Amino acid sequence: MLLRVRRGWEIPESRVTPEPLYWNRRRLLGAMGTVPALAASPALAASPALAMGVRRVQPAVPESDIAADRYPAARNPRYRLDRPLTDRELATTYNNFYEFGSYKQIWKAAQELKLRPWTVTIDGLVERERVLDAEDLIRRMPLEERVYRLRCVEAWSIAVPWTGFPLRALVELARPLSGAKYLRMETFLDPDMAPGQRASWYPWPYVEGLTLAEATHELAFIATGIYGRPLPRQNGAPLRLAVPWKYGFKSIKSIVRFTFTADRPDTFWSTIAPQEYGFWANVNPEVPHPRWSQRDERPLGRSGRVPTLLFNGYGEFVAGLYEGLADEPLFM
Ligand code: MTE
């Protein structure tokens, strides 16, 4: 299904509305009684202004309290950044979380996300299917901090300290059978709680997938915290994926199910627009999105743009994963 209405994160940065203009238009349209329709309007849907430092919307952003006594965790020094960390306030107030809306300031709406009870199902081709309480799962995992970059397909980027555990540890816990080739991950489904899920043109719930080789790669990480504290809801509490060599839409938030499969799973965005968003989605500045260049990016909180790097700068770690797959669309 290809929708003609563009999602907020599909809008080239050059076409989004500066925030003061955005807010003025919102006030005007609000007075006209038309604000609810804005989410579907590309010109009004997103704002780069937090990054421009124009105006910040800002009470403190609440975080979850799940296993809070496990934070901060020791930083793993193996992973380094080539740039400064993004300001915490920016990384926690400029988000994509379509379950709560298709605009960037969904952090307020996302406070509706109920984190207790939260169970995580592990099923499919595994020795024994099981359902775990999220807090128990987090407590039994070896938590560490890693500084990673995240490059959104929209061409903005952040660099943040995640806390969490290697996805490989969860795969080992799950004990997949020999026929398992892929790991399918699924976000919660609750349209009463998450109004974005009432939009019937999206194939809810949000689903993502990795090959088992990718899922067991040392860089594939399940984040449960950020900036030394448990994740705030808008960043995907209580647990989300972080695969820094791929476009950000692969890093699925608020996961409730891990399913081991023999066949490649259909994913949320590749179902909506297969010619624009693929299964692999590895970052490559030489391969443009069909509607905009991927050559450079805008780090949140900095003025100007920086060149985008092949595999988002993680090529030395991951290039080997894709040997023999030259016929696959690895970069979309
Ligand atoms: N996961 C879910 N469930 N829903 C989403 O809308 N958006 C994705 C990804 N994970 C998304 C999601 C996209 S497009 C990006 S760029 C990242 O989350 C953004 O993560 P952040 O908001 O923590 O920076």
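Definitions and limits used
- Within each chain, residues carry numbers counting from 1 in the order of the written sequence.
- In keeping with the model being predicted, local features are shown solely for residues with a pLDDT of at least 70 and side-chain atom pairs are shown and tallied solely at 80 or more, while totals for entire chains, interfaces and linings include all residues.
- Side-chain descriptors were evaluated using all non-hydrogen atoms of the structure, hydrogens and water having been removed beforehand.
- Per the convention used, a helix needs a DSSP run of H or I reaching at least four residues, while a strand needs a run of E reaching at least two, with both numbered from the N terminus.
- Only protein chains enter the accessibility calculation, which uses a 1.4 Å probe; a residue is then buried when its area is under 20% of its type maximum, exposed when over 50%, and partly exposed in between.
- Areas reported as accessible are Shrake-Rupley estimates using a 1.4 Å probe. Residue values count occlusion only from the protein chains shown.
- When two rings of Phe, Tyr or Trp (its six-membered ring) have centres within 6.5 Å they constitute a pair, described as stacked for plane angles under 30 degrees, edge-to-face for angles over 60, and tilted for the intermediate range.
- Here, nonpolar core means buried Ala, Val, Leu, Ile, Met, Phe, Trp, Tyr and Cys residues that are tied together by side-chain atoms lying within 4.5 Å of each other.
- Residue contacts are counted whenever heavy atoms from the two residues lie within 4.5 Å of one another.
- Two N or O atoms form a polar contact when they lie within 3.5 Å of each other; inside protein one atom must be a possible hydrogen donor and the other a possible acceptor, and for residues adjacent in sequence the pair counts only when both atoms belong to side chains.
- The predictor rates its confidence in each residue with pLDDT, a number between 0 and 100.
- Each salt bridge in this description consists of a side-chain nitrogen of Lys or Arg and a carboxyl oxygen of Asp or Glu lying within 4 Å of one another.
- Any two strands between which DSSP finds at least two bridges are classified as paired.
- Within this scheme a cavity is a closed region of a 1 Å grid, computed over the protein atoms alone, that accommodates a 1.4 Å probe without allowing it to escape, whereas a pocket is open but has protein on both sides within 12 Å along at least five of seven lines; lining residues each have an atom within 4 Å of a point.
- Grid points are joined across faces, edges and corners, and a volume is the space filled by probe spheres set on the points.
- For this classification, Asp, Glu, Lys and Arg are treated as charged, while Ala, Val, Leu, Ile, Met, Phe, Trp, Tyr, Cys and Pro are nonpolar and the rest, including Gly, are polar.
- Here, proximity means that at least one heavy atom of the residue falls within 4 Å of the molecule or strand.

Draft legend 1. Geometry of the overall build of the protein. Assigned secondary structure in the protein consists of nine helices and 12 strands. Out of the 332 residues in the protein, the part that is buried amounts to 59%. Summing over all exposed atoms, the protein offers an accessible surface of approximately 13,600 Å²; the carbon and sulfur share of this is 54%.

Draft legend 2. Local environment of the packing of aromatic side chains. Under the defined criterion, the tally for this structure stands at 26 aromatic pairs. Arranged with centres 6.0 Å apart and planes meeting at 80°, the rings of Tyr 98 and Tyr 202 form a pair that is edge-to-face. Taken together, the residues Tyr 98 in the loop between α4 (88-91) and β1 (119-124) and Tyr 202 in the loop between β5 (182-187) and β6 (207-211) connect sequence positions 104 residues apart. Tyr 98 sits in the buried class, given a relative accessible area of 4%. A relative accessible area of 12% places Tyr 202 in the buried class. Measuring from centroid to centroid gives 5.3 Å for Tyr 98 and Trp 269, while their planes differ by 85°, and the two rings are edge-to-face. Of this pair, Tyr 98 sits in the loop between α4 and β1 while Trp 269 sits in helix α8 (residues 268-272), and the two are 171 residues apart along the sequence.

Draft legend 3. Just the nonpolar core, in detail. Judged by nonpolar contacts, the single largest core of 91 residues is most densely connected at Trp 162, Leu 167 and Phe 258. It is helix α6 (residues 167-174) that provides the largest number of residues to this core, a total of six residues. Among residues more than four places away in sequence, those in contact with Phe 258 are Val 120, Thr 121, Ile 122, Asp 123, Leu 167, Leu 170, Leu 183, Arg 184, Met 185, Ile 222 and Leu 239.

Draft legend 4. Region of interest: the environment of Glu 208. Structurally, Glu 208 is set in strand β6. Placed 61 residues apart in sequence, Glu 208 and Trp 269 show a C-alpha to C-alpha distance of 8.6 Å. Discounting chain neighbours no more than four positions away, the residues touching Glu 208 are Leu 183, Arg 184, Met 185, Phe 249, Lys 250, Ile 252 and Thr 267. Within the structure, Glu 208 has its side chain in polar contact with the side chain of Lys 250 (distance 2.6 Å).

Draft legend 5. Spatial organisation of the confidence of the model for the protein. Predicted confidence across the protein gives a mean pLDDT of 86, with 82% of residues reaching 70 or more. Across residues 1-59, confidence stays below pLDDT 50; counting only partners more than four residues off in sequence or on other chains, it has 117 contacts.

Draft legend 6. Examining the pattern of salt bridges more closely. Applying the stated criterion to the full structure yields 24 salt bridges. Its salt-bridge partner being Arg 175, residue Glu 127 comes within 3.7 Å of it at the nearest N-O pair. Of the two residues, Glu 127 is situated in the loop between β1 and β2 (130-133) and Arg 175 in the loop between α6 and β5; the sequence distance between them amounts to 48 residues. Of the charged contacts, one joins Glu 186 and Arg 184 as a salt bridge, the two residues approaching to 2.7 Å between their closest N and O atoms. Each member of the salt-bridge network shares a partner with another, and the members are Asp 65, Asp 69, Arg 116, Glu 135 and Arg 139.

Draft legend 7. Focus on the pairing of strand β3 (residues 144-151). Within β3, eight of the eight residues are buried, leaving the element largely enclosed by the surrounding structure. Going residue by residue along β3, you find Glu 144, Arg 146, Tyr 148 and Leu 150 tucked away on one face and Glu 145, Val 147, Arg 149 and Arg 151 tucked away on the opposite face as well. Inspection of the sheet shows β3 paired to strand β4 (residues 156-166) by eight bridges, in the antiparallel sense. Each residue of the ladder has a partner; that of Leu 150, found in β4, is Ile 158.

Draft legend 8. Here's a closer look at empty space enclosed by the protein. The tally for this structure, following the rule as stated, stands at four cavities of 30 Å³ or more. In this structure, the largest cavity encloses a volume near 320 Å³. Taken together, 24 residues make up the lining of the largest cavity; nearest its centre are Asn 96, Arg 240, Gly 248, Ser 251 and Lys 253. Residue contributions to the lining of the largest cavity peak at three residues, all from β4. Of the residues assigned to the lining of the largest cavity, the class counts are 15 nonpolar, six polar and three charged. By volume, the second largest cavity is sized at about 70 Å³. Around the second largest cavity, the lining residues are Val 153, Tyr 247, Phe 249, Glu 276, Ala 281, Val 287, Pro 288, His 289, Pro 290, Gln 294, Phe 331 and Met 332. Residue composition of the lining of the second largest cavity, grouped by class: nine nonpolar, two polar and one charged.

Draft legend 9. Seen up close, the site of the ligand. Among the 18 residues in the neighbourhood of the ligand, the closest are listed as Asn 95, Tyr 98, Glu 99, Ser 251 and Lys 253. At a separation of 2.9 Å, a nitrogen atom of the ligand approaches a polar side-chain atom of Glu 99. Within the backbone of Ser 251, a nitrogen or oxygen atom sits 2.9 Å from a nitrogen atom of the ligand. Out of a free accessible area of 530 Å², the ligand has 100% covered by protein chains.

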